[in-house]
Amino acid sequence: MSNDEFRAALSRLAAGVVLVTAEEPPLDEHGRGEDVGMTATAFVSVSLDPPLVMVSLRNDSRMDDLLSEQPLWAVSVLAENQRQVAGRFAMKGRISDRLLFQDLPCIRGEVTGAPLMGGALATLECRTEQRVLAGDHTLVIGRVLTASLPSADGEPLTYFKGRYRQLG
C-alpha cells in the first residue's frame, strides 16, 4: 500500500475541525508568551471518567514542540462559518502565529491562558496527561479542565475528501 492509497482511503472519513491553541512561556517574567495555534482534524474524546481527549500532532511541528514543554492547552470546536480560521491555522511553513490571531475574536482561558476562539461551538481547556509516539505523529492525551459552549447553536465545520465541508 502506498502513502497516497492510505491517504485517499482515510480522506473518506469525515472529521470535525478544531483549533488547538497554547501560550508559549514568556521569555522573561515581565512579558507574555506568544500564542500558537494549529488546525486539527485528528481529535477525539477518549474517556468520560476522567474526562480525557486526544489530539494527534505531526512530530517536530511547532505545536508538538510547544506541548512537549507546555502542559496546558486548549481546543475550540469550530463552527461551519469558521472555515477561514481553519484555513489560516492550517498553513504550512509559517514563521509566526502572532499575525494569525490578529483580528480574531478570542478570549483567554482562565486555567490555561490559551486563546479560545469566539463563536466556537465548544471550548475545552486541557492539561497533558500522556504523550505517545506513534509513527510520524505524537498522540497527546489531555485531561479536560474546563468545558464551555460559547456558541451552542450552529453546525460544525467538517473535513472530508481533502476539503472543509458543511453538514447538509
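Structural data are supplied above this passage.
Residues numbered from 1 in each chain as written. Predicted model: local features only at pLDDT ≥ 70, side-chain atom pairs only at ≥ 80, totals over all residues. Heavy atoms only, no water.

## Description of the overall build of the protein
When helices and strands are tallied, the protein shows 4 helices and 12 strands. Based on the C-alpha atoms only, the size of the protein along its principal axes is roughly 50 × 40 × 35 Å. Considering only contacts within the protein whose residues lie at least 6 apart along the sequence, 63% involve residues at least 24 apart. When the accessible surface of the protein is totalled, it reaches about 9,700 Å², and 53% of it is carbon and sulfur. Across the protein, the centroid of the 17 positively charged side chains sits 7 Å from that of the 22 negatively charged ones. (Helix = DSSP H or I, 4+ residues; strand = E, 2+ residues; numbered from the N terminus. Contact = heavy atoms within 4.5 Å. Areas by Shrake-Rupley, 256 points an atom, 1.4 Å probe, with all protein chains shown as cover. Lys, Arg positive; Asp, Glu negative; His and termini not counted. Charge placed at Lys NZ, Arg CZ, Asp CG, Glu CD.)

## With respect to the layout of surface pockets
Take a probe with the size of a water molecule and roll it over the atoms, and the empty space left behind shows itself. Reported here for the largest pocket is a volume of approximately 1,600 Å³. T41, A42, S56, K92 and H137 are the residues nearest the centre of the largest pocket, which is lined by 39 residues in total. Those elements that place two or more of their residues in the lining of the largest pocket are α1 (3-10), β3 (35-40), β4 (43-47), β5 (52-58), α2 (62-67) and β11 (157-160). With 5 residues, β3 is the largest single contributor of residues to the lining of the largest pocket. A breakdown of the residues in the lining of the largest pocket according to their chemical character gives 20 nonpolar, 11 polar and 8 charged. (1 Å grid on protein atoms, 1.4 Å probe; cavity = no way out; pocket = protein on both sides within 12 Å on 5 of 7 lines; lining within 4 Å. Points joined across faces, edges and corners; volume = space filled by probe spheres on them. Nonpolar A, V, L, I, M, F, W, Y, C, P; charged D, E, K, R; others polar.)

## Some remarks on the sheet that holds β3
Strand order in this open sheet of 7 strands is β3-β2-β6-β9-β10-β5-β4, and the pairing throughout is antiparallel. Edge positions in the sheet fall to β3 and β4, since each of these pairs with one other strand and no more. Direction aside, neighbouring strands of the sheet carry axes that sit 35° apart on average. In this structure, strand β6 (residues 72-77) lies alongside strand β9 (residues 122-134), joined through 6 bridges in antiparallel fashion. When the bridges of β9 are listed, A74 appears paired with E125. (Pairing = 2+ DSSP bridges. Axes fitted to C-alpha atoms, helices over the stretch in contact; angles between N-to-C directions.)

## Looking at the pairing of strand β12 (residues 163-166)
Pairing of β11 with β12, which is carried by 4 bridges, proceeds in the antiparallel orientation. Bridging across to β12, Y159 finds its partner in Y164. The loop that links β11 with its antiparallel partner β12 comprises 2 residues; one of these, K161, has a positive phi angle of about 55°.

## Remarks on a nonpolar patch on the surface
Together, M1, F6 and L10 make up a nonpolar patch on the protein surface, roughly 380 Å² of accessible area in all. Here M1 shows up in the segment before α1. Given the relative accessible area of 80%, M1 is considered exposed. (Patch = residues over 30% accessible without salt bridge, like charges linked within 9 Å, V, L, I, M, F, W, Y side chains within 5 Å. Salt bridge = Lys/Arg side-chain N within 4 Å of Asp/Glu carboxyl O. Buried < 20%, exposed > 50% of the residue type's maximum accessible area, 1.4 Å probe, protein only.)

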